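Below, each chain spelled out in residue letters.
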Amino acid sequence: MFIDTHCHLHDDKLADTDKHVEEYLRDGVDIAINAACCALTSEKGKDLAEKYPSVYFMTGCHPSDIGGFDEQELLRIEKLTAHPKCVAVGEIGLDYHWEPFDKEKQQKGFIRQIELANQYKLPICIHSRDATADTLKILKENKAKLQYGAVMHCFSGSKETAAEILKMGLYISFAGPLTFKNANNLVEVAKFVPEDMCLTETDCPYLTPHPFRGKLNSPKNVSLVTARLAEIKGLNVDDMAEKVMNNAKRLFYKLEK
């Protein structure tokens, strides 16, 4: 019934993968999409997808890992795009939070991976932290290369930013912070985003939703995010889960194959 559209099952904190997969399947999560941070984690995601029928994966280089992004890294990432369970290029984007960072290299890497996704007819999954203006600028300048879709993952921005994203036809994904008690702004954004443009995720092992905040996160907790979104939208959780699943399958079209 549920789908976790963005998790990091490859993370060492989730080393007992069998246990986590068993738990989320038992709790009604049918699909988990592993998001990559570099070529190595892209390859780990592929291995997980080949081992577990419920796991799919993305390939790409996170902006915080862009220091190692060169032609060899790009070729390793590109090689995985043809895999039948590779559903997107991601997570890619800009992150100006953790210093030091190289804005120019991040931006070039982001654009190059947008081009890669377009070349191989895949959607992209976007990471943006403390970089809203530059992220929107790059997306608008490369709008013609986003014809296969995109999602702004773990959205934490304003309603105005959400409006700009929606104008470009991009999906918006909500994670654990939507459930936090101080999430007033994010709740308003969730009310604003149309139901057919919403996705839910865990970004595990990080951002564990309430009431387990501070503990290790896993894909099973996507049900808590979906339930909170359903509450905000005035829907029952089953209807919201179905809408999110349909949205995910529309964006990540390989899920239907």
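What you are looking at is a predicted structure, and each value in this text was computed from that prediction instead of being measured.

*Asks:* Can you tell me about the overall build of the protein, naming the residues and giving the values?
*Replies:* Secondary structure assignment for the protein yields nine helices and eight strands. Along the first, second and third principal axes, the C-alpha atoms of the protein reach 45 × 40 × 35 Å. In the protein, buried positions account for 57% of the 257 residues. Across the protein, the fraction of contacts at a sequence separation of at least 24, relative to all contacts at a separation of at least 6, is 74%.

*Asks:* Can you tell me about the sheet that holds strand β8 (residues 198–200), naming the residues and giving the values?
*Replies:* Strand order across the open sheet formed by eight strands is β1-β2-β3-β4-β5-β6-β7-β8, with parallel pairing between neighbours. The strands lining the two open edges of the sheet, one partner per strand, are β1 (2–7) and β8. Shown here is a sheet whose adjacent strand axes are inclined to one another by a mean of 30 degrees, direction ignored. Sheet topology places strand β2 (residues 29–34) next to strand β3 (residues 55–59); three bridges connect them, and they run parallel. The partner of N34 across the bridge, within β3, is F57.

*Asks:* Tell me about helix α3 (residues 71–79), and please be specific about residues and values.
*Replies:* Listed in full, the buried residues belonging to α3 are E73, L74, I77 and E78. Along the axis of α3, the buried positions cluster into a sector of 135 degrees, meaning they face one direction only. Away from the buried face of α3 by more than 90 degrees, exposed residues Q72, L75 and K79 are located. Against α2 (39–51), β3 and α4 (103–119) lie the buried residues of α3. Its side-chain oxygen 3.2 Å from the backbone nitrogen of Q72, D70 forms the N-cap of α3.

*Asks:* Residues and numbers for the pairing of β1, please.
*Replies:* Among the six residues of β1, six are classified as buried, and the element is accordingly described as predominantly covered. Note: β1 against β2, four bridges, orientation parallel. Counted as the bridge partner of D4 is A32 from β2. Tracing the backbone out of β1, into helix α1 (residues 17–26) and back to the parallel element β2 gives a crossover that is right-handed.

*Asks:* Got a sec to walk through the packing of aromatic side chains? Specific residues and values, please.
*Replies:* According to the stated counting rule, one finds one aromatic pair in the structure shown. Cation over ring: K85 sits above Y56, and NZ or CZ is 4.7 Å from the ring centre. The cationic tip of R213 hangs over the ring face of F180; the distance from NZ or CZ to the ring centre is 3.6 Å.

*Asks:* Outline the pattern of salt bridges, listing residues and values.
*Replies:* Applying the stated rule across the entire model yields 15 salt bridges. Linking E43 and R76 is a salt bridge whose minimum nitrogen-to-oxygen distance equals 2.8 Å. Taken together, the residues span a long stretch of sequence, with E43 in helix α2 and R76 in helix α3 at a distance of 33 residues. What makes E43 partly exposed here is its relative accessible area of 23%.

*Asks:* Which residues make up the environment of D102, and what values go with them?
*Replies:* Positionally, D102 belongs in the loop between β4 (86–95) and α4. Among the polar contacts listed, one links the side chain of D102 to the backbone nitrogen of E104, at a separation of 3.2 Å.

Reading the values: the criteria
Residues numbered from 1 in each chain as written. Predicted model: local features only at pLDDT ≥ 70, side-chain atom pairs only at ≥ 80, totals over all residues. Heavy atoms only, no water. Helix = DSSP H or I, 4+ residues; strand = E, 2+ residues; numbered from the N terminus. Buried < 20%, exposed > 50% of the residue type's maximum accessible area, 1.4 Å probe, protein only. Contact = heavy atoms within 4.5 Å. Pairing = 2+ DSSP bridges. Axes fitted to C-alpha atoms, helices over the stretch in contact; angles between N-to-C directions. Arc of directions from axis to C-beta. Polar contact = N/O pair within 3.5 Å; in protein donor to acceptor, adjacent residues only side chain to side chain. Right-handed = clockwise from strand over helix to strand, strands pointing away. Phe/Tyr/Trp six-rings, centres within 6.5 Å; stacked < 30°, edge-to-face > 60°. Lys NZ or Arg CZ within 6 Å of the ring centre and 35° of its normal. Salt bridge = Lys/Arg side-chain N within 4 Å of Asp/Glu carboxyl O.

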